[in-house]
Amino acid sequence: MRGTRAERTSAAGSDRGMCKDQAREVGLAARALAWTRRAQQLVCDRIEPWEHGTVYRASRYPRYWTFNLVQVRDDPGLSVDALIEIADLALAGLEHRRIDFDSAPAAEPLRAELAARGFQSHTLVWMHFEGPRPDKAEIPVAEVPYDAVDALRIAWHQEEFPGQDASEFHAQAREIRLALGTRVLAVYEDSRPVAFAALDLGDDETEIGALYVLPEYRGQGRGTALTQAAILAAGDIEHLWICADDDGRPKQLYGRLGFRPALTTMEFLRVS
């Protein structure tokens, strides 16, 4: 049965709206993906394509895993053995192996076997700020020099990798982040920082690239305040990003503050 003209017009308009929304989602995912590789393109001195992606190496910063990895663009159709062999060859001489999948669904079938081979995995959601902007942060937040929150960076790393000496990594990270113009925000208690966030700057986009609260101060609004302050500090930027673990509480927090998922990726890391 044919609908009335009004019904047909309404359906066509709805279809056009859906196509527009889908096109926007695809565009945002592509933009998020490009942003995730921006820092590598600026820092790495070896950028070499392979059949299913790109190998990134930064000779000056061997302990900074983010700049020494094998990126997998699509479903490679490879076994875990073959993928590890590629990573071993591409990252020879390094103490770690890192494999980043642009698509979490493409990586998921390999996850269990990679875990059995000693790889940690993280499913990450890249979120885009859609508003509304907050009027102010709920707790006082100050912009501080990069070195003011060194103790927090060390505490965060020890949470993730207990007992590991990360002094070389932190030195390399400091050099890179200062060169890239990273800004740092912090929350203080009794004259010491207990939480911080970093803003990684681009031409027309910015990422809230790190956000950490000491365990004993969590659940008291400091993460919310830092995110609000970072949104305000970013200014009238066209694209503001934040990244969260797919199964972590921060993802829900960022959603309440106006961020919407744009892309889901997966990282695998093994450290000797």
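The coordinates are above.
Description of the structure in this document. (Residues numbered from 1 in each chain as written. Predicted model: local features only at pLDDT ≥ 70, side-chain atom pairs only at ≥ 80, totals over all residues. Heavy atoms only, no water.)

Looking now at the overall build of the protein chain. When helices and strands are counted, the protein chain shows eight helices and 11 strands. Overall, the C-alpha framework of the protein chain stretches about 70 × 50 × 35 Å when taken along its three principal axes. By the burial criterion, 47% of the 272 residues in the protein chain qualify as buried. Per element, the accessible surface of the protein chain, about 14,300 Å² overall, is 51% carbon and sulfur. (Helix = DSSP H or I, 4+ residues; strand = E, 2+ residues; numbered from the N terminus. Buried < 20%, exposed > 50% of the residue type's maximum accessible area, 1.4 Å probe, protein only. Areas by Shrake-Rupley, 256 points an atom, 1.4 Å probe, with all protein chains shown as cover.)

In this structure the tally under the stated criterion is nine aromatic pairs. Seen from their ring centres, Y64 and F169 are 5.0 Å apart, and the 75 degrees between their planes marks the pair as edge-to-face. One end of the pair, Y64, is in the loop between β2 (53-57) and β3 (69-72); the other, F169, is in helix α6 (residues 167-179), and 105 residues separate them in sequence. Judged on exposure class, the residue Y64 and its partner F169 are both buried. Judged by centre distance (5.2 Å) and plane angle (15 degrees), the ring pair of W156 and Y212 falls under stacked. Here W156 is found in helix α5 (residues 150-160), whereas its partner Y212 is found in strand β9 (residues 205-213), with 56 residues between them in sequence. Judged by its relative accessible area of 4%, Y212 is buried. (Phe/Tyr/Trp six-rings, centres within 6.5 Å; stacked < 30°, edge-to-face > 60°.)

Attention now goes to the side chain of D102. With respect to the element layout, D102 can be found in the loop between β4 (96-101) and α3 (104-107). A distance of 2.6 Å separates the side chain of D102 from the side chain of Q71, its partner in a polar contact. What D102 contacts, discounting residues up to four positions off in sequence, is L33, R37, Q71, V72, R73, L263, T264 and T265. (Polar contact = N/O pair within 3.5 Å; in protein donor to acceptor, adjacent residues only side chain to side chain. Contact = heavy atoms within 4.5 Å.)

Glancing now at the pattern of salt bridges. Proximity of charged atoms lets side chains of opposite charge pair with each other. Scanning the model with the defined rule gives 23 salt bridges in all. Between R117 and D81 there is a salt bridge; the shortest N-O distance is 2.5 Å. With R117 in the loop between α4 (111-116) and β5 (120-129) and D81 in helix α2 (residues 80-90), this pair connects stretches of sequence that are 36 residues apart. For D246, the salt bridge is made with K251, and the minimal N-O distance between the two is 2.7 Å. Salt bridges sharing common partners tie together R37, R98, D100, D102 and E267. (Salt bridge = Lys/Arg side-chain N within 4 Å of Asp/Glu carboxyl O.)

Now for unusual backbone geometry. Omega for the bond connecting G131 with P132 falls within 30 degrees of zero, at 0 degrees, which places this linkage in the cis form. Examined against the element boundaries, P132 turns out to sit in the loop between β5 and β6 (142-144). For S191, which is not a glycine, the phi torsion comes out positive at approximately 70 degrees. Here S191 is to be found in the loop between β7 (183-189) and β8 (192-201). Residue class for S191 comes out exposed when judged on its relative accessible area of 73%.

Below, the discussion takes up the sheet that holds β2. Taken in spatial order, the 11 strands of this open sheet run β1-β2-β3-β4-β11-β5-β10-β9-β8-β7-β6, and their pairing is mixed. Looking along the sheet, the strands with just one partner apiece sit at the ends: β1 (46-50) and β6. Each strand axis lies, on average, 25 degrees off the axis of its neighbour in the sheet, ignoring direction. Both β4 and strand β11 (residues 259-271) contribute to a ladder of six bridges, which runs antiparallel. Note that in β11 the partner of F101 across the bridge is M266. Against the sheet, helix α7 (residues 222-234) contacts β5, β7, β8, β9, β10 (239-245) and β11, and its axis sits at roughly 160 degrees relative to β9. Contacting β5, β9, β10 and β11, helix α8 (residues 249-256) runs over the sheet at an angle of about 155 degrees to β10. (Pairing = 2+ DSSP bridges. Axes fitted to C-alpha atoms, helices over the stretch in contact; angles between N-to-C directions.)

For β4, the buried fraction is high: six of the six residues fall into the buried class. Of the two faces of β4, the one holding H96, R98 and D100 and the one holding R97, I99 and F101 are both buried throughout. Pairing analysis gives three bridges linking β3 to β4, with the strands arranged parallel. Bridge pairing in β4 places V70 opposite I99. Once you follow β3 into α2 and on to β4, the crossover reads as right-handed. (Right-handed = clockwise from strand over helix to strand, strands pointing away.)

With that settled, the discussion passes to the state of the cysteines. Summed over the entire model, instances satisfying the criterion amount to zero disulfides. The structure places no disulfide on C44, whose sulfur is separated from the nearest cysteine sulfur, that of C243, by 18 Å. Overall, C44 belongs to the buried group, its relative accessible area being 9%. (Disulfide = S-S within 2.5 Å.)

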